[in-house]
Amino acid sequence: MTTPTDPVWRRHVDGFGEVTIRPVAPATDADLIHDWVTRERSRFWGMRDASRERVEEIYAYLDSLTTHHAYLIHRDGRPVGLFQTYEPAADPVGECYDVRPGDFGIHLMVGPPDGGTEPGFTGTVLGAFLDFVLTDGSRRRIVVEPDARNDRAIARLVRAGFVPGPEVDLPHKRARLLFLDRPGSVPG
C-alpha cells in the first residue's frame with residue numbers, strides 16, 4: 001500500500017545520487033516549505049511574507065485540485081527542491097497565450113544549498129524533474145513563467161533548452177513565458 005509521501009518517481013543519476021519525487025504533504029511539509037519560500041533567495045516565489053499556516057493552507061488548496069500539483073524532489077533522501085505542475089488552461093497563465101493541446105506548466109524552486117553551491121546541481125535537478133514530467137506522453141510542450149526580473153532562472157531555463165516567449169502580465173507579477181517542446185515533437 002502506498003502513502004501520499006511515497007515517491008512517484010525514482011532514478012539514480014550517475015555522479016549525483018538517487019533522485020526521488022513525491023507529492024507534497026501539506027501538513028507534514030509546511031515547515032520545510034515555509035523555511036524555503038520565506039528566504040530572500042526565494043523572493044520571486046512570491047511568498048516571503050507568508051506565515052507557516054498560510055503556506056500549509058496554500059498547499060492544502062493545491063492538493064485539492066485536479067489541475068495543479070506540488071512535489072518535493074529529494075536527493076539521497078534529503079529534500080532539495082519544490083516543484084509545481086499545472087494545466088495552463090486552468091491557470092491565469094492560460095489567458096495570456098494560445099494554449100495548445102499537450103501544454104503543461106511547471107514552477108520550480110531549488111531548495112537552499114546545504115554547505116554551499118555545487119556546480120551542475122540545479123541543472124541535474126531540473127533535468128530529473130523534466131524527465132518525470134515527460135513520462136506522460138500526452139505532454140507535448142512544457143510552459144514556464146518565471147518573474148521577468150529573474151534573470152538567473154530565465155538563463156538556467158534557456159540553458160536547459162527552453163525558448164523564450166513574450167512577457168505577460170499575471171495577477172501577481174510580470175512574467176517571461178518560456179517553452180520547451182517535447183523531444184521529437186514538431187512545434188505547433
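I will try to describe carefully the structure that is included in this document. (Residues numbered from 1 in each chain as written. Predicted model: local features only at pLDDT ≥ 70, side-chain atom pairs only at ≥ 80, totals over all residues. Heavy atoms only, no water.)

This part takes up the overall build of the protein chain. When its secondary structure is counted, the protein chain shows 4 helices and 8 strands. For the protein chain, the α and β elements follow one another from N to C terminus as β-β-α-α-β-β-β-α-β-α-β-β. Each principal axis of the C-alpha distribution contributes one length, and for the protein chain these read about 40 × 40 × 35 Å. A buried classification covers 44% of the 188 residues belonging to the protein chain. Within the protein chain, counting contacts between residues at least 6 apart in sequence, those at least 24 apart form 57% of the total. Per element, the accessible surface of the protein chain, about 10000 Å² overall, is 50% carbon and sulfur. (Helix = DSSP H or I, 4+ residues; strand = E, 2+ residues; numbered from the N terminus. Buried < 20%, exposed > 50% of the residue type's maximum accessible area, 1.4 Å probe, protein only. Contact = heavy atoms within 4.5 Å. Areas by Shrake-Rupley, 256 points an atom, 1.4 Å probe, with all protein chains shown as cover.)

Counting residues in each nonpolar core, the largest one holds 27 residues, and the members touching the most others are Ile73, Ile106, Val125, Phe129, Ile142 and Phe162. Every element with two or more residues in this core is listed here: strand S2 (17–23), strand S3 (68–75), strand S4 (78–86), strand S5 (103–110), helix H3 (121–133), strand S6 (141–144), helix H4 (151–159) and strand S8 (173–181). Ranked by residue count, the leading element in this core is H3, at 8 residues. If you look at the next biggest cluster of nonpolar residues, it comprises 14 residues, including Val24, Trp36, Trp45 and Ala50. (Core = buried A, V, L, I, M, F, W, Y, C linked by side-chain atoms within 4.5 Å.)

When charged atoms on two side chains of opposite charge get close, those side chains can pair. Throughout the structure, instances matching the rule amount to 18 salt bridges. One salt bridge in this structure joins Asp131 and Arg11, with 2.9 Å as the shortest N-O distance. Here Asp131, found in helix H3, pairs with Arg11, found in strand S1 (residues 9–13); they are 120 residues apart in sequence, far enough to count as distant. Owing to a relative accessible area of 39%, Asp131 belongs among the partly exposed residues under this scheme. The salt bridge partner of Arg52 is Asp31, with a shortest N-O separation of 2.7 Å. Of this pair, Arg52 sits in helix H2 (residues 52–64) while Asp31 sits in helix H1 (residues 26–37), and the two are 21 residues apart along the sequence. Within the structure, one salt-bridge network assembled from shared partners comprises Glu167, Asp169, Arg174 and Arg176. (Salt bridge = Lys/Arg side-chain N within 4 Å of Asp/Glu carboxyl O.)

Turning to the environment of Asn150, a few remarks are in order. For Asn150, the position within the fold is in the loop between S6 and H4. Sequence separation of Asn150 and Arg43 is 107 residues, and the distance between their C-alpha atoms is 9.6 Å. Only 3.1 Å separates the side chain of Asn150 from the backbone nitrogen of Ala153, close enough to count as a polar contact. (Polar contact = N/O pair within 3.5 Å; in protein donor to acceptor, adjacent residues only side chain to side chain.)

A few words now on the pairing of strand S7 (residues 163–170). Of the pairings in the sheet, the one linking S7 to S8 comprises 6 bridges and is antiparallel in character. Residue pairing across strands places Leu170 opposite Lys173, the latter belonging to S8. (Pairing = 2+ DSSP bridges.)

In this section: the side chain of Arg22. With respect to the helices and strands, the residue Arg22 is situated in strand S2. In this structure Arg22 comes out as buried when scored by relative accessible area, which is 12%. Within polar-contact distance, the side chain of Arg22 engages the side chain of Asp29 at 2.8 Å. Those residues within four positions of Arg22 in sequence are excluded, and the remaining contacts are Thr5, Asp6, Pro7, Val8, Asp29, Ala70, Tyr71, Leu72 and His74.

Within a beta sheet, neighbouring strands are joined by backbone hydrogen bonds and run either parallel or antiparallel to one another. Across the sheet, which stays open at both edges, the 8 strands sit in the order S1-S2-S3-S4-S5-S6-S8-S7 with mixed pairing between neighbours. The strands lining the two open edges of the sheet, one partner per strand, are S1 and S7. Each neighbouring strand pair of the sheet contributes to a mean axis angle of 25°, computed without reference to strand direction. Bridge count for S3 against S4 is 8 bridges, and the pairing is antiparallel. (Axes fitted to C-alpha atoms, helices over the stretch in contact; angles between N-to-C directions.)

Read these as geometric descriptors, not functional statements.
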